[in-house]
Amino acid sequence: MLLVDDSLVARTVLARLLENRPEFEIAGAAPTADQAIVFLTTHDIDIVVLDVEMPGKDGLTALPEILAASHGTHVLIVSSAAEAGASATVRALTLGAADTLLKPTAGNFAGEFAHKFVDALLRIGHANHAPDRAEGRPRDAAPRPVAPTPIVALRPARSGDVACLAIGASTGGLHALSAFLRRLSPRFKAPILITQHLPPPFMPYFAAQLRDIAGRPTSVAAEGSPLVPGEMLVAPGEGHIRLVRNGSRVVVHIDSTPAPSRCMPSVDPMFEAVAEVFGPEGVGVVLTGMGRDGTLGAEVMVRHGGEILAQDSGTSVVWGMPGSVAQAGLASLVMPPEELARHVCNRVLGAAWK
């Protein structure tokens, strides 16, 4: 484990909370994000405990670099900025942090915080145990380079109208969604559905961030929410997006039934719903994320004539979800988010779109 905090007191106290816990080994401590990144290039670390507000490079700016340098370490944010619903908390989770914890004021690290801290570390460690990693040991050799994912068409790319665009994301999702949505032309007017793996309390803040990024009306989907051209609906944390056609209108049905992926919300039901209602005029986009959520729904979309697009490995924080659909041969294109957005615009707007 690596502790990253500009406060010597905080680093010392956090280390002492774990000194009698044989499950954990403190491999190092760093007062700056840049020093942490250097350390991670030469040591295998399973968990990084990271502060947000630090001089120089702040923790959120450094988070993608930390994940890249460590080849998939699991980051626990411990910060006074990590209040429930705070923008820093939402950003941390969508940039790839495994969990967040509010740092107490000086002198209040014992008691309730100590229990929450240990519980969070145990949860992260047990959920993501990697037996082939040697925690804290210097690497014997440089890691093998990973070849970039080729930008290829795995299935014939489609053209024509898009009646609904559905996007699924998890770890690192905010960064990828930002890149995609900023590149999507304001002239693209199909309704957009988004499923991002986040707990329920964070969804309103997440939707607000997406609204600011995309410049489109955005809200958390509720039972009966209508699909409106040019507007975005985000799946609530306690249910999946499904769709019901009501005359000429299509409205949302919130489904809380457990999904095969065990994710809540899950991308699979959203893709299935888009396939059933919109058929070949539905487009699904799978962005960075851990696991295989979205693959089953993508299969249904392809059977109904819809198109699936996947983020490439080079720009993904975790190439789990997009990698799964790509390796299953379900994706028309595997590209960075900006290029996927360009394809969607080209499909609808044709040569007039530059």
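Residues numbered from 1 in each chain as written. Predicted model: local features only at pLDDT ≥ 70, side-chain atom pairs only at ≥ 80, totals over all residues. Heavy atoms only, no water.

Student: Explain the side chain of threonine 195 to me, and be specific about the residues and the numbers.
Tutor: Along the polypeptide, threonine 195 turns up in strand E7 (residues 192-196). Contacts of threonine 195, omitting those with residues within four sequence positions, involve Ile167, Gly168, Ala169, Ala235, Pro265, Ser266, Val267 and Met270. (Helix = DSSP H or I, 4+ residues; strand = E, 2+ residues; numbered from the N terminus. Contact = heavy atoms within 4.5 Å.)

Student: Break down the packing of helix H2 (residues 33-40) against helix H3 (residues 59-70) for me, citing the residues and quoting the values.
Tutor: Two numbers describe how H2 lies on H3: the axes approach to 8 Å, and their chain directions differ by 15°. Judged by the angle between their axes, H2 and H3 are roughly parallel. Pair H2 / H3 crosses with left-handed handedness. The segment H2 lies against H3, with Ala33, Ile37 and Leu40 engaging Ala62, Glu65, Ile66, Ala69 and Ser70. Broken down by class, the residue content of the contact of H2 with H3 amounts to 6 nonpolar, 1 polar and 1 charged. (Axes fitted to C-alpha atoms, helices over the stretch in contact; angles between N-to-C directions. Parallel < 35°, antiparallel > 145°, perpendicular 65-115°, else oblique. Left-handed = near helix turned anticlockwise from the far one by under 90°. Nonpolar A, V, L, I, M, F, W, Y, C, P; charged D, E, K, R; others polar.)

Student: So what about the nonpolar core? Which residues, and what values?
Tutor: The nonpolar side chains of a soluble globular protein tend to be buried, and buried together. Core analysis: the largest hydrophobic core is formed by 37 residues, its most contacted members being Ile167, Phe180, Leu184 and Phe206. Per-element tally for this core: the top contributor is helix H7 (residues 203-214), with 6 residues. If we skip the residues at most four places from it in the chain, phenylalanine 206 touches Val90, Thr94, Leu174, Leu177, Ile194, Gln196, Leu198 and Val234. With 34 residues, the next largest nonpolar core counts Ala166, Ile254, Val300 and Val334 among its residues. (Core = buried A, V, L, I, M, F, W, Y, C linked by side-chain atoms within 4.5 Å. Buried < 20%, exposed > 50% of the residue type's maximum accessible area, 1.4 Å probe, protein only.)

Student: Any chance you could break down the pairing of strand E10 (residues 240-246) for me, citing the residues and the numbers?
Tutor: Where E10 and strand E11 (residues 249-255) come together, 7 bridges link them in antiparallel fashion. Within E11, the position partnered with isoleucine 241 by the bridge is isoleucine 254. In this structure, the hairpin formed by E10 and E11 is closed by a connection of 2 residues, where glycine 247 is found at a positive phi of approximately 65°. (Pairing = 2+ DSSP bridges.)

Student: Run through the sheet that holds strand E4 (residues 74-79), naming residues and quoting values.
Tutor: Taken together, the 5 strands give an open sheet; going across it, the order is E2-E1-E3-E4-E5, and neighbouring strands pair in parallel fashion. The open sheet has two edge strands, strand E2 (28-30) and strand E5 (99-102), and neither has a second partner. Strand-to-strand, the axes of this sheet are offset by a mean angle of 15°, without reference to chain direction. Across 3 bridges, strand E1 (residues 2-4) lies against E2 in parallel orientation.

Student: Tell me what's going on with helix H4 (residues 87-95), and back it up with residues and numbers.
Tutor: Counted residue by residue, H4 has 7 buried out of 9 residues, so it is predominantly covered. Restricting attention to buried positions, one finds in H4 the residues Ala88, Thr89, Val90, Ala92, Leu93, Thr94 and Leu95.

Student: Explain the environment of alanine 62 to me, and be specific about the residues and the numbers.
Tutor: By the secondary structure assignment, alanine 62 is in helix H3. With 30 residues separating them in the primary sequence, alanine 62 and threonine 32 have C-alpha atoms 9.8 Å apart. Those residues in contact with alanine 62, other than ones at most four positions away along the chain, are Ala33, Ile37 and Lys57.

Student: Talk me through the packing of aromatic side chains; I want residue IDs and the actual numbers.
Tutor: Enumeration over the complete set of coordinates arrives at 2 aromatic pairs. Arranged with centres 5.4 Å apart and planes meeting at 85°, the rings of phenylalanine 109 and phenylalanine 113 form a pair that is edge-to-face. Side by side, phenylalanine 109 and phenylalanine 113 carry an identical accessibility label, which is buried. Summarising the aromatic geometry, the rings of phenylalanine 113 and phenylalanine 117 are spaced 5.7 Å apart at their centres and angled 10° between planes, so their arrangement reads as stacked. In this pair, phenylalanine 113 and phenylalanine 117 both sit in helix H5 (residues 112-127), 4 residues apart, roughly one turn of the helix. Comparing phenylalanine 113 with phenylalanine 117, the two get one shared label, buried. An aromatic cluster of at least three residues, connected via ring pairs, comprises Phe109, Phe113 and Phe117. (Phe/Tyr/Trp six-rings, centres within 6.5 Å; stacked < 30°, edge-to-face > 60°.)

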